[in-house]
Amino acid sequence: MARLVIQPGSPAAWEIALKPGTNSLGRNPANDFKLDDPSVSSAHCQIVVDNDHAVLKDLGSTNGTFLNRAPVKEAVLQAGHTIHLGGLEMMFYSDAPAAAGSAQVAAAPRAIPGAPTLPPPRAVGSPRLARAAATDATVVLDPNSPPQVPVAAPALPIVGSGPCKHHPKIPGRYFCSHCQLCFCEVCVTTRGHQKACRHCGTECVPVQVQLHRPAAAKGFFARFPSAFTYPFRGTGLLVLIVSTFVLAAMDYLGGSWFFLLWKIAAYGYLFSFMQNIIHATANEEEEMPELPGFDDVFGGAFRLAVVVVSCFTLPVVFSVLKIFEVYDAPYALLITTTALGCLYFPMAFLAVAMKDSALAANPLVVMPAIFKVFPGYLVTLLVVIGVFALRQFGDVAAYFVGSQGYATKDMSTLFLTFAVRAVWSLFSVYLLTVSMRTLGLLYVTNKQKFGWFGH
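Residues numbered from 1 in each chain as written. Predicted model: local features only at pLDDT ≥ 70, side-chain atom pairs only at ≥ 80, totals over all residues. Heavy atoms only, no water.

Draft legend 1. Broad picture of the overall build of the chain. When helices and strands are counted, the chain shows nine helices and 17 strands. Restricting the contact set of the chain to residue pairs at least 6 apart, pairs at least 24 apart contribute 58%. (Helix = DSSP H or I, 4+ residues; strand = E, 2+ residues; numbered from the N terminus. Contact = heavy atoms within 4.5 Å.)

See the structure below:
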């Protein structure tokens, strides 16, 4: 099995188990493996695993991809190679036999000619080993491991171990019979062909880790109902309340033409809020993300404007020509172009949000994606359009109630109208969150079909 150890030798080390085929790495959550490091590009590189071979491919990253500290565009990986993605270091490991003349890694269990065959694995009654039931890895003795010379206790075959003592995210691949603990490759010392515990010096038993693959992922229709409860998970309700106040304040400050920049910033922040939910869903996060910052509000406003223009330019142009009597566009044409714009909008928004580029709104990206997942997209379309229509109707009703409240001299009526508008604002943000979660679920359950990031 091919794998990567991220930040080897540090307390923050963790492991990636590479799957057969293409493995995309980058900062964008749409990648197979997300790497949260500012020096890593959104789509930084790919590692293609094919049987006993692994090939590293740079995807035009900003800070480059380095193999053993040399810049590369494409290179064959061998066990023990050091990879740098920008400033992020990782080590490549593989259980497959290395090619002739390539570097060998002592961490991999190796057979010694003439060594006796170890007995079948049996359970070890150590309380510490019983913790394996709570981990995602099962460990069995490597039948090709060399004979062990126990120091404090006989070396027993191991069934069920835990993560590395010092790096909990990495399965322990070596077991110390004296300490009754497991360690990863960077936490043991090498003595000839053997691995020894750094604490007590006991020779460690090499073990094989069999990572349990997660159960088959649920499809879009199975996960769709959860979108309606998503805003209330974890601290979601608090995020909803805070985001309601933030969006309402920015919208209020932009209510005058004198504050046009504030209005643009408000729309940009709204786009960032919706994009944040889509990215969190694409990253398989089950709780509401934190509110986005204000560093890209004008970029968000531009991307949102591009999506709207690409969808509704035709009906707007026909309407203007009709108003100024330049071209008497039939109502059937206006309705048809508006309906097509509504059909185009959700997928265009999803593409721009995921790729973080206004260029993703072009038909060459959007139209194939719609046809590839049309049944699920139809449900998503109904949700998004339904939420938009309900919010428009609710905004009109809330404005009417508010105008009645301003005209009254009864304080109880005034407070009641404020309460009604506040509740509607909160419900409006809830509906917006549900629609963005639905878009995110459409992507995460069909990303292989979309193929937007080379999956």
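That covers the picture; the talk isn't over yet.
Draft legend 2. Examining unusual backbone geometry more closely. Notably, Gln7 is not glycine yet its phi reads approximately 55 degrees, a positive angle. Mapping Gln7 onto the fold places it in the loop between strand 1 (2-6) and strand 2 (14-17). We note that Arg69 has phi near 70 degrees; this positive angle belongs to a residue other than glycine. With respect to the secondary-structure elements, Arg69 resides in the loop between strand 7 (65-67) and strand 8 (70-71).

Draft legend 3. Broad picture of the packing of aromatic side chains. Overall, the coordinates contain 14 aromatic pairs when judged by the stated rule. Aromatic side chains Phe220 and Phe221 sit 5.4 Å apart centroid to centroid with 75 degrees between the ring planes, which places their arrangement in the edge-to-face category. Ring centres of Tyr269 and Phe294 lie 4.6 Å apart, and the angle between their planes is 15 degrees; on these two criteria the pair is classed as stacked. Residue Tyr269 is found in helix 3 (residues 260-282), and its partner Phe294 is found in the loop between helix 3 and helix 4 (297-323); the two are separated by 25 residues along the sequence. Judged by relative accessible area, which is 2%, Tyr269 ranks as buried. Through a chain of ring-to-ring contacts, the aromatic side chains of Phe220, Phe221, Phe224 and Phe228 assemble into a single cluster. Of note, Lys322 hangs over the ring of Tyr331, and the distance from its end group to the ring centre comes to 4.6 Å. (Phe/Tyr/Trp six-rings, centres within 6.5 Å; stacked < 30°, edge-to-face > 60°. Buried < 20%, exposed > 50% of the residue type's maximum accessible area, 1.4 Å probe, protein only. Lys NZ or Arg CZ within 6 Å of the ring centre and 35° of its normal.)

Draft legend 4. Focus on the environment of Glu15. If you trace the backbone, Glu15 turns up in strand 2. Take Glu15: its relative accessible area is 11%, and that puts it in the buried class. Between the C-alpha atom of Glu15 and that of Leu4, which follows or precedes it by 11 residues, the distance is 5.6 Å.

Draft legend 5. View of the sheet that holds strand 7. Across the sheet, which stays open at both edges, the six strands sit in the order 2-1-11-10-7-8 with antiparallel pairing between neighbours. Two strands close off the open sheet at either side, each with one partner strand: strand 2 and strand 8. In the sheet, strand 7 pairs with strand 10 (residues 82-85) via three bridges, with the strands oriented antiparallel. By the bridge assignment, Leu67 is partnered in strand 10 with Ile83. (Pairing = 2+ DSSP bridges.)

Draft legend 6. Region of the structure containing the confidence of the model for the chain. Scored by pLDDT, the chain comes out at a mean of 77, with 76% of its residues at no less than 70. Considering each helix and strand of the chain separately, the mean pLDDT is smallest for strand 12 (residues 137-141), with a value of 40, and largest for helix 6 (residues 363-372), with 93. Low pLDDT (under 50) marks residues 98-160, which in the prediction has 109 contacts with non-local residues, meaning those over four places away or in another chain. (pLDDT = per-residue confidence, 0-100.)

Draft legend 7. Structural view of helix 5 (residues 331-355). For helix 5, which comprises 25 residues, the first-to-last C-alpha distance of 36 Å matches the rise-based estimate of 36 Å (1.5 Å per residue) to within 8%. At Phe345, helix 5 is deflected by roughly 35 degrees, the largest bend along its length, and proline Pro346 occurs up to four residues later in sequence. The positive-phi residue at the C-terminal boundary of helix 5 is Asp356, with phi of around 55 degrees. (Expected span 1.5 Å × (residues − 1). Bend = angle between axes of the 7 residues up to and from the residue.)

Draft legend 8. Looking closely at the sheet that holds strand 9 (residues 74-76). Pairing within the open sheet is mixed, and its five strands lie in the order 4-3-5-6-9. Looking at the sheet topology across the chains shown, the edges are occupied by strand 4 (33-34) and strand 9. Pairing of strand 5 (residues 45-50) with strand 6 (residues 53-58) involves six bridges; the strand directions are antiparallel. By the bridge assignment, Val48 is partnered in strand 6 with Val55.

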